[in-house]
Each structure stands twice: as C-alpha cells, then as structure tokens.
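The lines below spell out each chain.
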Amino acid sequence: EDVHGNMVVMTNTAGLSGVTMAKIAKESGAAALMVVNVDHDYPDYVYSLTPENEEEQIYAEEEVDIPVIMVSLQSGNVLTTATVDEHTDPKDIVNNGMPERIRLYGGGDRPFFEDVLNHKPVVYIIHNLLTETECDELIKAAESKFDLVSDDDTNYLEHTIPPPAKQDGVVMQNNIQRATLWRGALNPHSGKQIEERIEQVTGFPQDHFSDFQVNKHVAGSYHGVHYDTHPINVPMATITVFLNDVDEGDGGELVFPSPALGGDKKRGSSGTSSGGGKDDDPVKIYPRKGIAVVHHNTDEEYQFDASTLHAELPLKNGVKYVAKKFIYANPQPPSKRIVLPLIALPFGGKLPRCVCTFYQFFLEKFGMEEGNVYFDKFCMVAPVLCLFLIASVITNMVKNSLTDSSSSSSSKGKTKKESSEGKKKAAAEGKAVKKKKVKKT
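Residues numbered from 1 in each chain as written. Predicted model: local features only at pLDDT ≥ 70, side-chain atom pairs only at ≥ 80, totals over all residues. Heavy atoms only, no water.

Asker: What is the right way to read the overall build of the protein chain from this model?
Answerer: Per the secondary structure count, the protein chain includes eight helices and 15 strands. Buried positions account for 40% of the 441 residues belonging to the protein chain. Residue pairs at least 24 apart in sequence account for 77% of intrachain contacts in the protein chain once pairs closer than 6 positions are excluded. For the protein chain, the accessible surface area stands at approximately 25300 Å², while carbon and sulfur atoms represent 54% of it. (Helix = DSSP H or I, 4+ residues; strand = E, 2+ residues; numbered from the N terminus. Buried < 20%, exposed > 50% of the residue type's maximum accessible area, 1.4 Å probe, protein only. Contact = heavy atoms within 4.5 Å. Areas by Shrake-Rupley, 256 points an atom, 1.4 Å probe, with all protein chains shown as cover.)

Asker: Explain the confidence of the model for the protein chain here, please?
Answerer: Low pLDDT means the predicted atomic positions in that stretch should not be read closely. In the predicted model, the protein chain carries a mean pLDDT of 83, and the fraction of residues at 70 or more is 84%. Ranking the elements of the protein chain by mean pLDDT puts strand E11 (residues 272-273) last, at 54, and strand E15 (residues 319-328) first, at 97. (pLDDT = per-residue confidence, 0-100.)

Asker: Honestly, the nonpolar core in this entry has me stumped. Any pointers?
Answerer: The nonpolar side chains of a soluble globular protein tend to be buried with one another. One finds Ile239, Val241 and Leu243 to be the most contacted residues of the largest nonpolar core, which totals 28 residues. Going through the elements one at a time, strand E5 (123-127), helix H4 (132-142), helix H5 (189-202), strand E9 (235-242), strand E13 (292-296) and E15 are the ones with two or more residues in this core. By residue number, the principal contributor to this core is H4, which donates five residues. With residues near it in sequence (within four places) discarded, isoleucine 239 still touches Leu129, Ile198, Thr202, Ala292, Val293, Val294, Ala323, Lys324, Lys325 and Ile327. Formed by 15 residues, the second largest nonpolar core is a distinct cluster that contains Trp182, Val339, Leu351 and Cys379. (Core = buried A, V, L, I, M, F, W, Y, C linked by side-chain atoms within 4.5 Å.)

Asker: What's the story with the packing of helix H1 (residues 18-27) against helix H2 (residues 54-62) in this structure? I'm lost.
Answerer: Helix-helix packing is characterised by the crossing angle of the two axes and by the distance between the axes. Where H1 contacts H2, the two axes come as close as 10 Å, and the packing angle between them is 40°. On the basis of the axis angle, H1 is oblique to H2. Crossing angle aside, the handedness with which H1 passes H2 is left-handed. From H1, Val19, Thr20, Lys23, Lys26 and Glu27 reach across to H2, where they touch Glu56, Tyr59 and Ala60. (Axes fitted to C-alpha atoms, helices over the stretch in contact; angles between N-to-C directions. Parallel < 35°, antiparallel > 145°, perpendicular 65-115°, else oblique. Left-handed = near helix turned anticlockwise from the far one by under 90°.)

Asker: What should I look at first to understand the sheet that holds strand E3 (residues 68-71) in this one?
Answerer: Consider a sheet: its strands pair through backbone hydrogen bonds, and that pairing is either parallel or antiparallel. Within the open sheet, the three strands sit side by side as E1-E2-E3. Their pairing is parallel. Of all the strands in the sheet, the pair left with one neighbour each is strand E1 (7-11) and E3. If you compare each strand with its neighbour and ignore which way they point, the axes differ by 25° on average. Sheet analysis places strand E2 (residues 32-36) next to E3, joined by four bridges and oriented parallel. (Pairing = 2+ DSSP bridges.)

Asker: In this structure, what is going on with the packing of aromatic side chains? I would like to understand it.
Answerer: For any pair of aromatic rings, the description consists of the separation of the ring centres together with the inter-plane angle of the planes. One pass over the full model with this rule turns up 13 aromatic pairs. Look at phenylalanine 361 and phenylalanine 362: their rings are 6.1 Å apart centre to centre, the planes differ by 85°, and that puts the pair in the edge-to-face class. Measuring from centroid to centroid gives 4.9 Å for phenylalanine 366 and tyrosine 374, while their planes differ by 85°, and the two rings are edge-to-face. Overall, phenylalanine 366 belongs to the partly exposed group, its relative accessible area being 36%. Following the ring pairs from residue to residue traces out a cluster consisting of Phe358, Tyr359, Phe361, Phe362, Phe366, Tyr374, Phe375 and Phe378. The ring of tyrosine 59 carries lysine 23 above its face, with NZ or CZ at 5.4 Å from the centroid. Sitting over the ring of phenylalanine 212, lysine 325 keeps its end group 4.1 Å from the ring centre. (Phe/Tyr/Trp six-rings, centres within 6.5 Å; stacked < 30°, edge-to-face > 60°. Lys NZ or Arg CZ within 6 Å of the ring centre and 35° of its normal.)

Asker: Teacher, can you tell me more about a nonpolar patch on the surface here?
Answerer: Together, Leu387, Ile390, Ile394, Val398 and Leu402 make up an exposed nonpolar region whose accessible area comes to about 490 Å². Take leucine 387: it is sitting in helix H8 (residues 368-440). (Patch = residues over 30% accessible without salt bridge, like charges linked within 9 Å, V, L, I, M, F, W, Y side chains within 5 Å. Salt bridge = Lys/Arg side-chain N within 4 Å of Asp/Glu carboxyl O.)

Asker: What am I meant to see in the pairing of strand E7 (residues 173-180) here?
Answerer: Successive side chains on a regular strand alternate, one facing one side of the sheet and the next facing the other. Bridge count between strand E6 (residues 147-149) and E7: three bridges; the pairing is antiparallel. Residue pairing across strands places aspartate 147 opposite arginine 178, the latter belonging to E7.

Asker: Explain the pattern of salt bridges here, please?
Answerer: Working definition: two side chains of opposite charge can pair if their charged atoms are close together. What the rule picks out here adds up to eleven salt bridges. Between lysine 289 and aspartate 136 there is a salt bridge whose closest N-O contact spans 2.9 Å. With a gap of 153 residues between them, lysine 289 in the loop between strand E12 (283-285) and E13 and aspartate 136 in helix H4 connect regions that are remote in the sequence. We note a salt bridge from glutamate 248 to arginine 288, for which the minimum N-O separation is 3.5 Å. Placement of glutamate 248 in the loop between E9 and strand E10 (254-256) and of arginine 288 in the loop between E12 and E13 is noted, with a sequence separation of 40 residues between them. Arginine 288 sits in the partly exposed class, given a relative accessible area of 24%. In the salt-bridge network here, residues are joined through shared partners; they are Asp147, Lys350 and Arg353.

Asker: Hey, could you run me through the side chain of aspartate 211 in this one?
Answerer: Structurally, the position occupied by aspartate 211 is in the loop between H5 and strand E8 (213-226). Notably, aspartate 211 is buried but unbridged: the nearest opposite-charge side chain belongs to arginine 337, and the N-O separation is 5.1 Å. Polar side-chain contacts of aspartate 211 include one of 3.3 Å to the backbone nitrogen of arginine 183. Sequence-distant contacts of aspartate 211, that is, excluding residues within four places in its chain, are made with Leu181, Trp182, Arg183, Gly184, Lys324, Lys325 and Lys336. (Lys, Arg positive; Asp, Glu negative; His and termini not counted. Polar contact = N/O pair within 3.5 Å; in protein donor to acceptor, adjacent residues only side chain to side chain.)

Asker: Sorry if this is basic, but what is going on with unusual backbone geometry here?
Answerer: Apart from glycine, the bulk of residues carry a negative phi angle, and the bulk of peptide bonds sit in the trans form. Positive phi, close to 55°, is recorded for histidine 159, a residue that is not glycine. Mapped onto the fold, histidine 159 is located in the loop between E6 and E7. The exposure class assigned to histidine 159 is buried, which follows from its relative accessible area of 8%. Look at asparagine 175: it is not a glycine, yet its phi comes out positive at around 55°.

Asker: I would appreciate a short explanation of the side chain of asparagine 187 in the present structure.
Answerer: Within the secondary structure, asparagine 187 sits in the loop between E7 and H5. Residue classification places asparagine 187 among the buried residues on the basis of a relative accessible area of 10%. Apart from the residues lying within four places of it in its own chain, the contact partners of asparagine 187 are Lys192 and Glu195.

Next comes the structure, spelled out in structure tokens:
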C-alpha cells in the first residue's frame, strides 16, 4: 500500500545512530527518512542503520514503522540537484533542489547493496542476487558432479589452485567437494538472466566471468586463509553466493581476518560482524541463502591487494553450498566460452577429467603463458579438424557406395549381354541343323 507524506533527508555528520535519526523523523511527522553518507573519505560507503543497544532495539521494533534508507554521497548529490543546473540562479532554487515527489520502492526480491567495510579490502554484500529457485537449481545441477578436492590438487583450468606453501600437518582445504558447471555462451535462459543481473548490479562485463564453481561443505569442512589468485588470468574480484541457510551457531562463516586500516565496522542486517569494532578486527559474514559477497582481489591499478586474505570457517553441523564466480582481468577466450562448454554438454556441464589433464600438460610443456595460448589455439583448431575428418570419412563412404553400385550394375549388364549372345548362338545353331535335315531328305 502506498504511503504519502514528506520525506526527511538527514546526513550522518553528527554521528547520530540510525534509530535516533528515525525517531527524529517520525516525531516530525515524516513518512520516510533518507540518510546521506557525507564522509568524503568513503563517499560510496552504504551501511545498515541498525540498533546499537537493547533500548534502541526495542524502540525500533515497536515504534519505527516508516521506511529508512541510506544513500551514498553521490546519490545524495544527484537527488539535491534534480531540479537545478549550473545556470540556475540560487534565488530560484526551491526545496533545496530536490524534486517535489520521490517514489521509494521496497527491496522485496530486488538485489540491493550493503557495504561491509568502508576501507580496504573492498567487500560488499548484494542481497537477493539469486532467487531461492535459482539457488536450488544450481545445487541440483552440481549434486551428481562433485569431486573431493585437497591441497595436492592442481587444476588451473577450473580454478583449483594449490596453496603457495604447505606447512606440515596443516590442511588448507578440508573435506570440500567441488564441481565446475561449464556453460559459457551455451547458458540456458535462466543462466543468462543470472549473468545479466550480475553484470547490471556489479558493472563487470559478462565476458570476464568464469562459470560457477559450486562447493559443498559438510560437518568438519573448512577452507583455511588464502587469497584468490591465478598465475595466468588474475581474478579482479570474487563473487561468493550462499545457496542455502546455515544457522548462526553452526559455523561456516566467510571471514576476512586482516582488514586494512579504516573506520568502525558494525553488525548489519545481513549477518556481518566484526567483534569489538576495532580496525583490525576480523569481519565475519554468515551464510544466508541468495546473498552474494563480492570482494576485490586487486586495487584500482589492478595490483594485488594483500588485505583480501579470507577463509571459510569450519562447518559444525549440516551442509553448506557455496557458488563462486571469478571476475578475470582479461576476457575469457572462445575456447572457454564455447568449445569447453560444448565438450561438457553431454556430461551435464562437467568437463571430462582428461581435458583438465591435457591442459596441465600444455602448461608443464610450454610454460604458463604459452601453454595457455597453445591450448586455446588447439581448442579452436581441433573441432575444425574433427569436422574435416568426419566429412572425409562420409565422402569416402559415399564414394565406396557409388563404386560398389557401379560395379554391380556393370556386372549385371555384362551377364545380360552374355546371356543374349548365348541365345542368339543357340538359335543360329538350331537353324543350321534344321537346314541339314531338310537337304538330306
């Protein structure tokens, strides 16, 4: 139901809590509250306006019944200049440049952002990135294709990277099952919708996306502290989507243990937490179905960001499904967008292990960069050679068939000719005998 009335616009300059600002807006008779982040050091930081103590929690639950939203400084500037331009006389500005009417839409099932940190590393949450149905379909697609991974596994083609340095007795990937769903340009309509949605909400182009890597965690599973890297195509960012809910006491949180210098971090509605709120406190994000966590592995100059160290804590009970999509610095070549998905298509999207082994052979034989290039070229040439071979085989079969048919026709014609000549000869001999008999008589 639509709610009509005035909207109060406030800033966070005074350091008031979200509930305090909501109380002021409500008591003034406002129908909504918009809070603009005016922190010039972190102008794009948008965080949850949550209660800071038990008293505020009670007041928020019982009294706050108006929409309360936060926008970045840039969005606030767009709003306050909606009815003015550079030639407008300040005397003619009405309502501080804001439009007479603003329509606010409820989040509902639309994707919306929530920042986790206002400093490095760049980490933010996208609520409702995937629907419940899409999460269930990804789990179903991967369920029969999981393989157990370990620290000894090396599969650069499917982004399974061994730890850079193993310590005796330390297991980095414990009891994790993994499946990569190769779809690329062959994605069905539902998959293309997801790709387009990710492109729209993150700004990353689709041709830089990897296919979904789905991980299954069971009780005792964990992934130790690590970076998301690749020796050939650097992942600029990683999108981690939780495909099912995990109760808060059952573990499985995604944690960033060493965030860089920055401001306070508060617990948000998404289930993020940061201990005591100090700059170096770990940041934990609890698994919630459909939520995506995006973290940048590189800075603005595409240099590796050491503060992106992260881990997945041990799962105590139940099962956890996580889908990861890597955003690479360079576009994915046609071999990985078309050829490999075609090879995986008869197997439900799972690439045969021999293809991954073949890729590793190229890397070991020619080195990382050249091996990758040669493999991509081989993938593009091999299908053409296969088609040529098939065409040659079919051509030879047709030729042999025509040759056999021609030989058979020739043989039949020769037989007919011989039979005809035999009949003529027999008839001639019969006439000669008859003449001799008549003459004798």
